[in-house]
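# Examination of the molecular architecture
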Amino acid sequence: MFPALRYSVAMKRQCPICKKPTDSEADRDFPFCSERCRLLDLGNWSSERYVISSPAFDESILEGLEREIAEETDQ
Ligand SMILES: [Zn+2]
C-alpha cells in the first residue's frame, strides 16, 4: 500500500550485534554491519540452541523420586 514508506523503514537498521547503524545499500551483510557480526550472530543462535536441547535434569527421574517419597510417607 505504501511502498515508499516500507522502503525507507527497511533501509536503516542497527547491527543486532554491535548496534552500529547499518544501511541496506551500503552494507553487504545487512542488517549486520560486517561479516564478523553476521557470523557472531550465527554463533549466538547455535550456542542457544545447544543449551535448549540439553536439559538440566531428566524429569522422569524426578517423578520416580516423588513416587518413592510418597510411598515411604504412606507407611
Ligand atoms: Zn556490527
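It should be emphasised that the depicted structure is a prediction, and the values quoted were computed from it without experimental measurement.

### Focus on the confidence of the model for the protein
Taken residue by residue, the protein gives an average pLDDT of 78. The fraction at 70 or more is 72%. Taking the mean pLDDT of every element in the protein, the minimum, 57, falls on helix α1 (residues 3–11) and the maximum, 92, on strand β2 (residues 21–23).

### Focus on helix α3 (residues 59–74)
Here α3 contains 16 residues, and its C-alpha end-to-end distance of 23 Å stays within 8% of the 22 Å for a straight helix at 1.5 Å per residue. Little of α3 is tucked away, with 0 of its 16 residues classed as buried.

### Let's talk about unusual backbone geometry
With an omega dihedral of 0°, the bond running from Phe 30 to Pro 31 counts as a cis peptide bond. Along the chain, Pro 31 falls in the loop between β2 and α2 (35–53). The backbone phi angle of Lys 19 is positive, close to 65°, even though this residue is not glycine. Position of Lys 19 among the secondary structure elements: in the loop between β1 (12–14) and β2. Classification of Lys 19 by C-beta neighbours within 10 Å gives exposed; the count is 10.

### Brief notes about the environment of Pro 21
Of note, Pro 21 is situated in strand β2. In the structure, Pro 21 is positioned 11 residues away from Phe 32 in sequence and 8.9 Å away in space, judged by C-alpha atoms. Ignoring sequence-local partners within four residues, the contact set of Pro 21 consists of Lys 12 and Gln 14.

Rules used in this analysis
Residues numbered from 1 in each chain as written. Predicted model: local features only at pLDDT ≥ 70, side-chain atom pairs only at ≥ 80, totals over all residues. pLDDT = per-residue confidence, 0-100. Helix = DSSP H or I, 4+ residues; strand = E, 2+ residues; numbered from the N terminus. Expected span 1.5 Å × (residues − 1). Buried ≥ 20, exposed ≤ 12 C-beta atoms within 10 Å, placed from the backbone. Contact = placed C-beta atoms within 7 Å.

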